[in-house]
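These are the residues of each chain, in order.
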Amino acid sequence: MTDLSRYTTLGTGGPARELARAASVAEVEELLRRGLPVATIGLGSNLLVADEGVDALVLKLGGALAAIEVDGDRVRAGAGAANAVVLHRARAAGLGGFEFACAIPGTIGGGIWMNGGAYGGDFAQVLVRALVATADGTGWLTPAELGLSYRHSNLEHGQVVLQAELRLEPRPPDEIKARVRELNARRKEAQPTNRRTFGSVFKNPEHELSAGRMLEACGLKGHRIGGAQISPKHANFIENAGGARTEDALALMAEARRRAREQYGVELVHEVELLGPIHVT
Ligand SMILES: Cc1cc2nc3c(=O)[nH]c(=O)nc-3n(C[C@H](O)[C@H](O)[C@H](O)COP(=O)(O)OP(=O)(O)OC[C@H]3O[C@@H](n4cnc5c(N)ncnc54)[C@H](O)[C@@H]3O)c2cc1C
């Protein structure tokens with residue numbers, strides 16, 4: 001049994017039934033044939049894993065499944081490749097359009113899973129197709145077939161994203177560098193970039209206030225339960241303030257939802273992905 005807290009940016013979560021590393025399409029296909037429930041994790045930057053663990057074979061992708069290839073305006077990236085590395089390769093090749101991902105500290109697979117995005121860009125805008133494996137076979141799916149919409153795809157555990165083909169556009173590397181610098185500075189100003197978090201807790205509601213502004217107005221900045229606290233810098237982030245457990249983060253989320261419901265009549269929907277027996281109240 002391998003503890004997954006080492007593999008999440010919040011640093012919480014119990015063990016997986018089994019953790020396997022896969023470095024090729026064939027290895028993933030073989031693991032899927034074992035017939036166990038399967039979940040794939042990237043860099044755990046959008047993930048709350050149950051404290052009691054996950055009764056599944058948890059896959060981490062590397063090797064050929066993290067390789068990156070540039071061909072004209074196409075970038076083919078293994079799903080295990082970190083966004084930052086893909087962005088670096090794209091910039092070196094003079095290809096722009098992926099700058100939005102500069103501050104999304106995850107992998108290509110995790111980005112497709114939730115159609116990650118920032119500053120007006122998202123995966124749906126650059127993705128041509130993704131290679132996805134299941135126990136029944138492997139094939140390419142388009143963004144429409146993946147059902148990509150705001151921070152959402154139709155992907156389910158048991159479907160493993162192996163590779164993505166992105167279409168980018170010619171752009172001078174210096175221009176890309178300047179844009180990335182600007183976006184990172186904006187990010188640093190507004191968000192707790194030097195703390196253990198899992199990114200935005202809730203999706204922005206259809207309301208004049210963003211989730212962060214709403215929770216700030218509810219007086220939740222700095223609110224602490226156990227080892228987890230709502231970030232004093234941005235109320236839509238939960239930080240590991242020392243020894244946090246997933247149950248602490250979940251208790252904060254329940255409190256935030258309760259206050260948003262009572263004060264604004266808004267049902268906040270969580271953006272973070274949940275793995276294991278977690279029931280959101
Ligand atoms: C400081 C900070 C800032 C962030 N800012 C943003 C932001 O601006 N915009 C944004 O969209 N997100 C943001 N995030 C959240 C997170 O980085 C993204 O959601 C990212 O895309 C998650 O990628 P990951 O590889 O870490 O996935 P994980 O967190 O490991 O997994 C997320 C989900 O994807 C699934 N998954 C991962 N890889 C695969 C695969 N290969 N095949 C099938 N399923 C897979 C997992 O099972 C899980 O359900 C932020 C997070 C942090 C910590």
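See above for the structure.
This one's a predicted model, so the numbers in the text were calculated from it and none came from an experiment.

## Regarding the site of the ligand
Here's step 1: Of all residues adjacent to the ligand, which total 33 residues, the nearest are T40, G42, S45, T107 and G117.
Here's step 2: When residues of the shell around the ligand are traced back to their parent elements, those giving at least two are β3 (38-41), α3 (108-113), β9 (117-118) and β13 (160-167).
Here's step 3: With 4 residues, the top contributor of residues to the shell around the ligand is α3.

## Some details on helix α6 (residues 173-190)
Here's step 1: Compared with an ideal rise of 1.5 Å per residue, which puts 18 residues at 26 Å, α6 spans 26 Å between its outermost C-alpha atoms and is within 8% of the ideal.
Here's step 2: Among the residues making up α6, those that are buried are I176, V180, L183 and R187. The buried side chains of α6 occupy one side of the element, clustering within an arc of 70° when seen end-on. Set apart from the buried face of α6 by more than 90 degrees, the exposed residues are D174, R181, K188 and E189.

## Digging into the sheet that holds strand β15 (residues 224-225)
Here's step 1: The sheet built from 3 strands is open, its strands ordered β15-β16-β17 with antiparallel pairing. At either end of the open sheet lies a strand with only one pairing partner, and these are β15 and β17 (238-240).
Here's step 2: Of the pairings in the sheet, the one linking β15 to strand β16 (residues 228-230) comprises 2 bridges and is antiparallel in character. By the bridge assignment, I225 is partnered in β16 with A228.
Here's step 3: Contacting β15, β16 and β17, helix α8 (residues 246-264) crosses the sheet at an angle of about 30° to β16.

## Structural notes on the sheet that holds strand β1 (residues 2-3)
Here's step 1: Strand order in the open sheet formed by 4 strands is β1-β2-β5-β3, with mixed pairing between adjacent strands. Bordering the open sheet on either side are β1 and β3, each of which pairs with just one other strand.
Here's step 2: Relative to strand β2 (residues 15-22), β1 runs antiparallel, the two being bridged by 2 bridges. Looking at β2, one finds that D3 is bridged to P15.
Here's step 3: Here helix α1 (residues 25-32) sits on the sheet in contact with β2, β3 and β5 (54-61), set at roughly 150° to β2.

## Digging into the nonpolar core
Here's step 1: V28, V86, F98, I108 and I112 are the most contacted members of the largest nonpolar core, which totals 49 residues.
Here's step 2: Counting residues in hydrophobic clusters, the runner-up holds 23 residues, among them A211, L220, A244 and A256.

## A few points about the pattern of salt bridges
Here's step 1: Taken as a whole and judged by the stated rule, the model has 21 salt bridges.
Here's step 2: Among the salt bridges present, the one from E169 reaches R171, with a minimum N-O distance of 2.6 Å.
Here's step 3: Take R171: its relative accessible area is 22%, and that puts it in the partly exposed class.
Here's step 4: Salt bridges here are not isolated pairs; linked through shared partners, they connect E69, D71, D73, R74, R76, R129 and E165.

## Side note on the layout of surface pockets
Here's step 1: The calculated volume of the second largest pocket comes to roughly 270 Å³.
Here's step 2: Lining of the second largest pocket is provided by 19 residues; of these, G97, E99, F100, Q125 and V126 occupy positions nearest its centre.
Here's step 3: For the lining of the second largest pocket, the secondary-structure elements that each account for two or more residues are β10 (121-122), α4 (123-126), β11 (127-134) and α6.
Here's step 4: Residue composition of the lining of the second largest pocket, grouped by class: 8 nonpolar, 5 polar and 6 charged.

## Some thoughts on the packing of aromatic side chains
Here's step 1: Applying the stated criterion to the full structure yields 3 aromatic pairs.
Here's step 2: Centroid distance F98 to F100: 5.4 Å. Interplanar angle 75°. Geometry classified as edge-to-face. Pair check on accessibility: F98 and F100 agree, each one buried.
Here's step 3: Considering the side-chain rings of F100 and F123, the 5.8 Å spacing of their centres and the 85° angle between planes classify their relative orientation as edge-to-face. In this pair, F100 is assigned in the loop between β8 (95-96) and α3 and F123 in helix α4, connecting sequence segments 23 residues apart. Judged on exposure class, the residue F100 and its partner F123 are both buried.
Here's step 4: An aromatic cluster of at least three residues, connected via ring pairs, comprises F98, F100 and F123.
Here's step 5: Looking at R129, its charged tip hangs above the ring of W140, at a distance of 3.9 Å from the centre.

Definitions and cut-offs
Residues numbered from 1 in each chain as written. Predicted model: local features only at pLDDT ≥ 70, side-chain atom pairs only at ≥ 80, totals over all residues. Heavy atoms only, no water. Near = heavy atom within 4 Å. Helix = DSSP H or I, 4+ residues; strand = E, 2+ residues; numbered from the N terminus. Expected span 1.5 Å × (residues − 1). Buried < 20%, exposed > 50% of the residue type's maximum accessible area, 1.4 Å probe, protein only. Arc of directions from axis to C-beta. Pairing = 2+ DSSP bridges. Contact = heavy atoms within 4.5 Å. Axes fitted to C-alpha atoms, helices over the stretch in contact; angles between N-to-C directions. Core = buried A, V, L, I, M, F, W, Y, C linked by side-chain atoms within 4.5 Å. Salt bridge = Lys/Arg side-chain N within 4 Å of Asp/Glu carboxyl O. 1 Å grid on protein atoms, 1.4 Å probe; cavity = no way out; pocket = protein on both sides within 12 Å on 5 of 7 lines; lining within 4 Å. Points joined across faces, edges and corners; volume = space filled by probe spheres on them. Nonpolar A, V, L, I, M, F, W, Y, C, P; charged D, E, K, R; others polar. Phe/Tyr/Trp six-rings, centres within 6.5 Å; stacked < 30°, edge-to-face > 60°. Lys NZ or Arg CZ within 6 Å of the ring centre and 35° of its normal.

Purely geometric numbers; function is a separate question.
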